[in-house]
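# Structural description and commentary
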Amino acid sequence: MPSVSSVSSVSSASKRLFLLAATLTTFTAATPHPPAPPPQKPVVLLVSFDGFRADYLDRPAAVHLRALAARGVRAERLIPSFPAKTFPNHYTIVTGLYPEHHGISANVMLDPILGRFATGNDPSGRDARWWAGEPIWVTAAKQHMNSGIIFWPGNEAPIGGVRPRWWQTYDGAFTNTQRVQRVLDWVAMPGDTAPQFIGVYFSDTDDAGHKYGPMSAHTDSAIARADSAIGALMRGIDALGATTRVNLIVVSDHGMAEIAHDRLIPLYDYVSRDSVTVVDMEPVSSIIPKPGAEAYVYRALKGAHPHLQVWRKGELPARYHYNTGARITPIVALADEGWTVVASRDSTVLREGQLRGAHGYDNQLPSMGALFIAAGPAFKRGVRVAPFENVNVYPLMAAVLGLRPAPNDGAEAVVRAVMR
Ligand code: AMP
Ligand code: ZN
Ligand code: ZN
């Protein structure tokens, strides 16, 4: 092939033509077909809308979510694990383990060695010793697959010594638009560094549900914000030409129940304050009796209030799957739907206008039902499936990504019902 200097006398246009012809000739001689770019790999994009109750999907604002469901699979509801709280359930969704098996058995916990666990920007979130089991991003990393995570509980801790390739310290002020853009940047990312598992968390619906109640206009606005994030993701994925390789799974962690200001269970009316450490209170109370007070505390609380169920650790009905975890307290009490456990009758937590919704009640209640939509090349189209438990989401994601799952509490049947 002539060097560029040997054609320096010809005009620049014909020089370009000549170079192009020479290049084509060279390619033709060397390889009959230009090598195709490596195919981009399938992606699982897991989106969580905190506290998005299953029936919110039928509220007027959920336009894009319904459109997504129409081209994929929608569950009547995703059954949260007990307790129907944020951290236990987000971690169940990504591990396939009931909270009694994965260590995060409540939003607030006490451990004799580790101390106190709390949500928000608490250092316990970054301490891997709290987080047992294997989240999907660790399963992926062990099998040489990258993940990118925005605010999924657990993403800040090096679980099993492994962190997702991209992760973020919790920052409630990071806007929905920024979250969507970061996800789309990951979907667009070329080559081997691209994450194939992407997880992203949004809090709007939980915030509004607590403050104003599930049926409020504020909650409709929050549903609209969630829906517009999904709309932006769908449009962005389309614009990237990635619709045929992105499997979008949209879930929530639990639903939301209306609470009544006159339905209070004043705990210390029934048991003396100095006989217990109450780790978490409403509507699931995690109670540690002081040494020697075990029998008294159980007797004092059992049957004390008609809307409060009380169990000793190990004696909860099997369907709760909440007996064996090391951080489950010796006494667990659970309020009936709409009731709130408070310290005393003069508690101000529920003063009019301060709190209108709660979750954590019996996880089988329709009001605790969560969202599940899956759409993409791996999933059936236009199908509605019966309610199923959220321990099944992990094995489903592993199957879509072609990963060998870690041992989990999910079942093959759900994977078969949802996947094409
Ligand atoms: P809940 O009390 O069960 O309603 O939990 C919801 C709250 O959990 C949110 O309002 C956040 O404050 C907190 N939260 C959610 N995700 C995270 C996270 N990744 N890290 C820390 N805190 C979080
Ligand atoms: Zn939540
Ligand atoms: Zn909440």
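What you see is a predicted model; the values in this text were computed from it and never measured.

Residues in contact with ligand 1 amount to 14 residues; listed here are only the nearest, Thr86, Asn107, Gly120, Phe151 and Asp206. Within the contact set of ligand 1, an oxygen atom lies 2.6 Å away from a side-chain nitrogen or oxygen of Thr86. Taking a 2 Å distance to the grid points as the criterion, the majority of the atoms of ligand 1 fall inside the largest pocket. Counting only elements with at least two residues in the shell around ligand 1, the list comes to α3 (86-95) and α7 (204-212). At three residues, the largest contribution of residues to the shell around ligand 1 is made by α7. Looking at side-chain class alone, the shell around ligand 1 contains six nonpolar, five polar and three charged residues.

Take the side chain of Ser203 next. The residue Ser203 is located in the loop between β7 (197-202) and α7 in this model. Among the residues examined, Ser203 registers a relative accessible area of 14% and is labelled buried.

Here we come to the coordination of the zinc ion (ligand 3). The protein atoms that coordinate the zinc ion (ligand 3) are Asp206 (OD), Asp206 (OD), His210 (NE2) and His359 (NE2), at distances of 2.0 to 2.4 Å. Separating the zinc ion (ligand 3) from the zinc ion (ligand 2) is a distance of 4.1 Å. With Asp206 in helix α7 and His359 in the loop between β16 (357-358) and β17 (372-375), this residue pair connects regions lying 153 residues apart in the sequence. When its relative accessible area of 9% is taken as the criterion, Asp206 is described as buried. The class of His359 is buried, set by a relative accessible area of 4%.

This paragraph deals with the pattern of salt bridges. It is possible for side chains of opposite charge to pair when their charged atoms get near one another. Across all of its chains, the model carries 14 salt bridges by this definition. Between Lys41 and Asp192 there is a salt bridge, and its shortest N-O distance comes to 3.8 Å. One end of the pair, Lys41, is in the loop between α1 (12-30) and β1 (43-49); the other, Asp192, is in the loop between α6 (176-188) and β7, with 151 residues separating them in the sequence. Note on Asp192: relative accessible area 68%, which makes it exposed.

So, on to the nonpolar core. Formed by 57 residues in total, the largest nonpolar core has its most connected members in Leu46, Ile249 and Phe372. In this structure, this core is formed jointly by two domains, domain 1 (43-257 + 362-418) and domain 2 (264-355), each of which donates at least three residues. Counting 38 residues, the second largest nonpolar core, distinct from the first, contains Leu45, Ala62, Ile223 and Ile237.

Within the open sheet, the seven strands sit side by side as β6-β7-β1-β8-β17-β2-β18. Their pairing is mixed. Looking at which strands have only one partner, the edges of the open sheet turn out to be β6 (147-150) and β18 (383-385). With strand direction ignored, the average angle separating the axes of adjacent strands in the sheet is 15 degrees. As paired strands, β1 and strand β8 (residues 246-251) are joined by six bridges and run parallel to one another. Each residue of the ladder has a partner; that of Leu46, found in β8, is Ile249. Here helix α10 (residues 393-401) sits on the sheet in contact with β1, β7, β8 and β17, set at roughly 155 degrees to β1.

Empty space within the largest pocket amounts to approximately 360 Å³. Lining the largest pocket are 22 residues, and of these Phe87, Thr119, Gly120, Pro153 and Tyr170 sit closest to its centre. Secondary structure elements with two or more residues in the lining of the largest pocket: α3 and α7. Residue composition of the lining of the largest pocket, grouped by class: seven nonpolar, nine polar and six charged.

Moving on to α10. Within α10, eight of the nine residues are buried, leaving the element largely enclosed by the surrounding structure. Among the residues making up α10, those that are buried are Val393, Tyr394, Pro395, Leu396, Met397, Ala398, Val400 and Leu401. Just downstream of α10, Gly402 is the residue with a positive phi angle, here 70 degrees.

Moving on to the coordination of the zinc ion (ligand 2). For the zinc ion (ligand 2), the protein coordination sphere consists of Asp50 (OD), Thr86 (OG1), Asp253 (OD) and His254 (NE2), at 2.0 to 2.1 Å. One can describe the donor arrangement at the zinc ion (ligand 2) as tetrahedral, given that its four donor atoms subtend angles of 94 to 126 degrees at the metal. Linear spacing of the donor residues for the zinc ion (ligand 2) on their chain is D-x35-T-x166-D-H.

A few words on the domain arrangement of the protein chain. For the protein chain, the assigned domains read domain 1 (43-257 + 362-418) and domain 2 (264-355). Facing 26 residues of domain 1, the contacting portion of domain 2 comprises 20 residues. Carbon and sulfur atoms make up 55% of the area that domain 1 and domain 2 hide from each other, which totals about 2,000 Å². It is Phe82, Glu100 and Leu110 that lose the most area in domain 1 upon contact with domain 2, and together they represent 34% of the buried surface on that side. Across the contact surface, domain 1 and domain 2 share two salt bridges. Taken together, the connections running from domain 1 to domain 2 amount to twelve residue pairs in polar contact (both at pLDDT 80 or more). Contributions of two or more residues to the side of domain 1 that touches domain 2 are made by α4 (99-102), β4 (109-111) and α7. When residues of the side of domain 1 that touches domain 2 are assigned to their parent elements, the largest contribution, three residues, is made by β4.

The rules behind these values
- Residue numbers restart at each chain and count upward from 1, following the sequence in its written direction.
- Labels follow written order: the first chain is A, the first ligand is 1, and so on.
- For this predicted model, a pLDDT threshold of at least 70 governs which residues receive local features, and a threshold of 80 or more governs which side-chain atom pairs are given and counted, while totals over whole chains, interfaces and linings are taken from all residues.
- In computing side-chain properties, one takes all heavy atoms of the structure into account and sets aside hydrogens as well as water.
- For this purpose, a residue is taken to be near a molecule or strand whenever a single non-hydrogen atom of the residue falls within 4 Å of it.
- N or O atoms closer than or at 3.5 Å make up a polar contact, with two conditions inside protein: a donor-capable atom paired with an acceptor-capable one, and, for residues adjacent in sequence, both atoms drawn from side chains.
- Only protein atoms enter the 1 Å grid used here, on which a cavity is any set of points holding a 1.4 Å probe that cannot leave and a pocket is any open set flanked by protein within 12 Å on both sides along at least five of seven lines; residues with an atom within 4 Å of a point are listed as lining.
- Any molecule with more than half of its atoms within 2 Å of a cavity's or pocket's grid points is counted as sitting in it.
- We count a stretch as a helix when DSSP gives it H or I for four or more residues in a row; a strand needs E for two or more, and each element gets its number in order from the N terminus.
- As a working rule, the residues Ala, Val, Leu, Ile, Met, Phe, Trp, Tyr, Cys and Pro are called nonpolar, Asp, Glu, Lys and Arg charged, and the rest polar, with Gly in that last group.
- Relative accessible area decides the class of each residue, using a 1.4 Å probe on protein chains only: under 20% of the type maximum gives buried, over 50% gives exposed, and in between gives partly exposed.
- Here a donor is any nitrogen, oxygen or sulfur atom (N, O, S) within 2.8 Å of the metal, with 3.2 Å used for Na, K and Ca; water is not among the atoms considered, so some sites may look incomplete.
- Any carboxyl oxygen of Asp or Glu that lies within 4 Å of a side-chain nitrogen of Lys or Arg is treated as forming a salt bridge with it.
- Working definition of a nonpolar core: buried Ala, Val, Leu, Ile, Met, Phe, Trp, Tyr and Cys residues. They are joined through side-chain atoms within 4.5 Å.
- Throughout the structure description, domain borders are defined by an automatic or database domain assignment.
- Here a strand pair is declared whenever DSSP counts at least two bridges between the two strands.
- Only the contacting stretch of a helix is used when fitting its axis, a line to C-alpha atoms as for every element, and angles between N-to-C directions run 0 to 180 degrees.
- Here a residue-residue contact requires only that any non-hydrogen atoms of the pair lie within 4.5 Å.
- Grid points are joined across faces, edges and corners, and a volume is the space filled by probe spheres set on the points.
- Sites are called tetrahedral only when four donors show all angles between 85 and 135 degrees, square planar or octahedral only when four or six donors show opposite pairs over 155 degrees and all other angles between 65 and 115, and irregular in any remaining case.
- The buried area of a pairing is the accessible area, by a 1.4 Å probe, that goes missing from both parts when the two are put together, added over both.

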